[in-house]
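# Secondary and tertiary structure notes
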Amino acid sequence: MNMDDIAARGMVLLGCGKMGSALLEGWLATGLPPSAIWVLEPKPSDWLQATGVNLNAGLPETPAVALLAVKPQMMGEALPALQALGGSDTLFISIAAGTSLRAIEGALGAGSRVVRVMPNTPAAVGRGISALIGNDQVHYPQLSLARELMAAVGETVTLETEAQMDAVTAVSGSGPAYVFHMIEALAAAGAAQGLPADMAMQLARATVCGAGELAHQSDESAAQLRINVTSPGGTTAAALGVLMDEDHGLPPLMQRAVAAAAERSKELGQ
């Protein structure tokens, strides 16, 4: 399976909120014709209506791909629209958080090809990362196509087991919120040292965003990038002495935070 199959047989996008729109924008930018895409979305945005896709206009008979981009709590009422395609060679890709392969396959019917994906919100600016895992009916060509589709909004990784999805949720799924909170905390610390609050926020925001871009573009490890900006006995070293404390610093705090998120992910998946 490849993008030519989608252009020829069509593709269904169930739900087109922020993530669905980001994906659709990426696919259209790579040259997938709007006429090959069917979108089911009860509250279409002005942007979506202007794309030229088939909007709320039934479904193609044998689409190459059906991507489920509705919120997990809406999955139950949304799936019946696609049940007629279950058990065929249509590839189902789900980005609904916490909805297991078994649950999706159970709703669609035995033999359905299902890939579960955990993307994250930086997909909205083309800088997301998505983790993928397929069920037993999914083989390399289908997984490769799923990765190509998700690459429209950023990087991809393939998991070995579905159980790893809880850890992915805790690291990259929830992770953007940790970074946003770090910006808040850094800005508050700057204000506590006498900077105007708005200036402290501008400095903190630009610093975190700039450091992230530097890490993105560099071939060096995060540890090496940290070493590069740390002069022995200097100001950065003084701060890192606090942040890297084995008992009270950032590493044990982050361990606890990620563990809490992973545990909650397991509970929600029950």
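Overview of the structure. (Residues numbered from 1 in each chain as written. Predicted model: local features only at pLDDT ≥ 70, side-chain atom pairs only at ≥ 80, totals over all residues. Heavy atoms only, no water.)

Together, Leu-243, Met-244, Leu-250, Leu-253 and Met-254 line one region of the surface with nonpolar side chains, adding up to about 410 Å² of accessible area. Considering each element in turn, the nonpolar patch owes the most residues, 3 residues, to helix H12 (residues 250–268). Relative to the assigned elements, Met-244 resides in the loop between helix H11 (235–243) and H12. (Patch = residues over 30% accessible without salt bridge, like charges linked within 9 Å, V, L, I, M, F, W, Y side chains within 5 Å. Areas by Shrake-Rupley, 256 points an atom, 1.4 Å probe, with all protein chains shown as cover. Salt bridge = Lys/Arg side-chain N within 4 Å of Asp/Glu carboxyl O. Helix = DSSP H or I, 4+ residues; strand = E, 2+ residues; numbered from the N terminus.)

For the rest of this paragraph, the subject is the pattern of salt bridges. By the definition in use, this model includes 4 salt bridges. Across the pair Glu-213 and Arg-127 runs a salt bridge, and its minimum N-O distance is 2.6 Å. Note that Glu-213 is positioned in helix H9 (residues 197–217) and Arg-127 in the loop between strand S6 (113–118) and strand S7 (128–134), a separation of 86 residues in sequence. Residues Glu-267 and Arg-264 are paired through a salt bridge, measuring 2.9 Å at the closest nitrogen-oxygen approach. Taken together, the positions of Glu-267 and Arg-264, both in helix H12 and 3 residues apart, correspond to about one turn of that helix. Residue class for Glu-267 comes out partly exposed when judged on its relative accessible area of 41%. (Buried < 20%, exposed > 50% of the residue type's maximum accessible area, 1.4 Å probe, protein only.)

A few words on the pairing of strand S5 (residues 91–94). Covered by surrounding structure in S5 are Leu-91 and Ile-93 together with Phe-92 and Ser-94, the residues of both alternating faces. By the bridge criterion, 4 bridges tie strand S4 (residues 65–68) to S5 in an arrangement that is parallel. Residue pairing in the sheet places Val-65 in a bridge with Leu-91 of S5. Looking at chain direction, S5 and S6 are connected through 4 bridges and run parallel. Paired with Phe-92 across the bridge in S6 is Val-114. (Pairing = 2+ DSSP bridges.)

With that settled, the discussion passes to the packing of helix H8 (residues 175–192) against H9. Where H8 meets H9, the axes come as close as 8 Å, and the angle between the chain directions of the two elements is 140°. The pairing of H8 with H9 is recorded here as oblique in orientation. As for the relative orientation of H8 and H9, their crossing is right-handed in sense. For the pair H8 and H9, contact is made by Val-179, Ile-183, Glu-184, Leu-186, Ala-187, Gly-190 and Ala-191 and by Ala-197, Ala-200, Met-201, Ala-204, Arg-205 and Val-208, respectively. In the contact of H8 with H9, the residues fall into 10 nonpolar, 1 polar and 2 charged. (Axes fitted to C-alpha atoms, helices over the stretch in contact; angles between N-to-C directions. Parallel < 35°, antiparallel > 145°, perpendicular 65-115°, else oblique. Left-handed = near helix turned anticlockwise from the far one by under 90°. Contact = heavy atoms within 4.5 Å. Nonpolar A, V, L, I, M, F, W, Y, C, P; charged D, E, K, R; others polar.)

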